[in-house]
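Spelled out, the chains give:
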Amino acid sequence: IHIIISSCIFALMASGFRFFVKLKGTIDFSYLGLIIFGTYATVLLHLHLGRGMFLSMCVAFVLSLFFTVFILFLSARLQDIYFAAGTLAFYLLINQLSYNLDNVTGGSLGLSGIDRVVFATWSIGSLEGYFLLMIVVVLCVMVLLFVFARSYLYTMLQAWGENILIVRSLGI
């Protein structure tokens, strides 16, 4: 079951990576840094504020959105291989910070003392519970990506990734 749970996590990461590659047309390594940032933000908010895991996830999602806008602002003028190199540098920065800030992130050993995930009255404490949670999350993300990929916003963003000059000349 642990291998299936890990496979679900990697499937989520791969689907997000594929989504960004199709959207921008180049490889975006900042996606991996945002996963690290969002994960540590969720756990640190949960540990230090004592709120539920799902509330911490929502707050970390909003923080990640602001962080994403900041990264997009920094890399807006980069194209092709320079965009890939710039986002790779961002990922490496976040990765090294997560390993070297021992007092914040726990360093290479990670964080300890994380409570079990509780959703309403259902406590997820077994591998089977995590497996069911991962299946639900994977299905929800896949449905959301499927719906978003057929939206006008996705088409507009994909056109922007292919040729920004044409998009700007059309007034989009």
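Our structure's up above, just so we're on the same page.
Residues numbered from 1 in each chain as written. Predicted model: local features only at pLDDT ≥ 70, side-chain atom pairs only at ≥ 80, totals over all residues. Heavy atoms only, no water.

Peer 1: I tried to follow the overall build of the chain on my own but got confused; where do I start?
Peer 2: Scanning the chain from terminus to terminus reveals eight helices and two strands. Helices (α) and strands (β) of the chain occur, in sequence order from the N terminus, as α-α-α-α-α-β-β-α-α-α. In terms of its C-alpha atoms, the chain occupies a principal-axis envelope of roughly 55 × 35 × 30 Å. Contacts spanning at least 24 positions in sequence make up 61% of the contacts within the chain whose residues lie at least 6 apart. In the form shown here, the chain has an accessible surface area of approximately 11,600 Å², with 72% of it arising from carbon and sulfur atoms. Averaging the coordinates of the 8 positive side-chain charges in the chain and doing the same for the 6 negative ones gives two points 10 Å apart. (Helix = DSSP H or I, 4+ residues; strand = E, 2+ residues; numbered from the N terminus. Contact = heavy atoms within 4.5 Å. Areas by Shrake-Rupley, 256 points an atom, 1.4 Å probe, with all protein chains shown as cover. Lys, Arg positive; Asp, Glu negative; His and termini not counted. Charge placed at Lys NZ, Arg CZ, Asp CG, Glu CD.)

Peer 1: Is there a simple way to explain the layout of surface pockets in this structure?
Peer 2: In this approach the atoms are scanned with a rolling probe the size of a water molecule, which exposes any empty space left behind. Put simply, the second largest pocket is a space of about 220 Å³. Every residue lining the second largest pocket is listed: Ile 36, Phe 37, Tyr 40, Ala 41, Leu 44, Leu 63, Ile 94, Leu 97, Ser 98, Leu 101, Val 104 and Thr 105. If you list the elements that add at least two residues to the lining of the second largest pocket, you get α2 (30-49), α4 (80-100) and α5 (102-105). A per-element tally of the lining of the second largest pocket places α2 first, with five residues. A class-by-class count of the residues in the lining of the second largest pocket yields 10 nonpolar, two polar and no charged. (1 Å grid on protein atoms, 1.4 Å probe; cavity = no way out; pocket = protein on both sides within 12 Å on 5 of 7 lines; lining within 4 Å. Points joined across faces, edges and corners; volume = space filled by probe spheres on them. Nonpolar A, V, L, I, M, F, W, Y, C, P; charged D, E, K, R; others polar.)

Peer 1: Any chance you could explain α4 here in plain terms?
Peer 2: In an α-helix, one turn spans 3.6 residues, which is why side chains three or four residues apart end up on the same side. Between the first and last C-alpha of α4 there are 30 Å, a value that for 21 residues agrees with the 30 Å anticipated at 1.5 Å per step. Those residues of α4 that fall on the buried side of the exposure criterion are Phe 83, Ala 84, Thr 87, Phe 90, Ile 94, Asn 95 and Ser 98. Each buried residue of α4 sits inside an arc of 130 degrees when the element is viewed along its axis, so together they form one side. Set apart from the buried face of α4 by more than 90 degrees, the exposed residues are Ile 81, Tyr 82 and Asn 100. (Expected span 1.5 Å × (residues − 1). Buried < 20%, exposed > 50% of the residue type's maximum accessible area, 1.4 Å probe, protein only. Arc of directions from axis to C-beta.)

Peer 1: Explain helix α3 (residues 53-75) to me, please; I cannot follow it from the model alone.
Peer 2: For α3, which comprises 23 residues, the first-to-last C-alpha distance of 32 Å matches the rise-based estimate of 33 Å (1.5 Å per residue) to within 8%. Restricting attention to buried positions, one finds in α3 the residues Met 53, Ser 56, Ala 60, Ser 64, Phe 67, Ile 71 and Ser 75.

Peer 1: Is there a simple way to think about the packing of α2 against α4 in this case?
Peer 2: Between two packed helices, the angle of one axis relative to the other and the distance separating the axes together describe the packing. Two elements in contact, α2 and α4, have axes separated by 7 Å at closest approach and are oriented at 30 degrees. Overall, the two elements α2 and α4 adopt an arrangement that is roughly parallel. The chirality of how α2 crosses α4 is left-handed. Here Ser 30, Leu 32, Gly 33, Leu 34, Ile 36, Phe 37 and Tyr 40 of α2 lie close against α4, whose contacting residues are Thr 87, Phe 90, Tyr 91, Ile 94, Asn 95 and Ser 98. (Axes fitted to C-alpha atoms, helices over the stretch in contact; angles between N-to-C directions. Parallel < 35°, antiparallel > 145°, perpendicular 65-115°, else oblique. Left-handed = near helix turned anticlockwise from the far one by under 90°.)

Peer 1: I'm lost on a nonpolar patch on the surface in this one. Help?
Peer 2: Where nonpolar side chains cluster on the molecular surface, the patch consists of Phe 61, Val 62, Leu 65 and Phe 66 and spans about 430 Å² of accessible area. Tracing the backbone shows Val 62 in helix α3. With relative accessibility at 41%, the residue Val 62 sits in the partly exposed group. (Patch = residues over 30% accessible without salt bridge, like charges linked within 9 Å, V, L, I, M, F, W, Y side chains within 5 Å. Salt bridge = Lys/Arg side-chain N within 4 Å of Asp/Glu carboxyl O.)

Peer 1: In this structure, what is going on with the packing of α2 against α3? I would like to understand it.
Peer 2: Their axes nearest at 8 Å, the elements α2 and α3 cross at an angle of 145 degrees. For the element pair α2 and α3, the recorded crossing hand is right-handed. Across from Ser 30, Leu 34, Phe 37, Gly 38, Ala 41, Thr 42, Leu 45 and His 46 in α2, the residues of α3 making contact are Met 53, Ser 56, Met 57, Val 59, Ala 60, Leu 63, Ser 64, Phe 67, Thr 68 and Ile 71. Class assignment of the residues belonging to the contact of α2 with α3 gives a composition of 11 nonpolar, seven polar and no charged.

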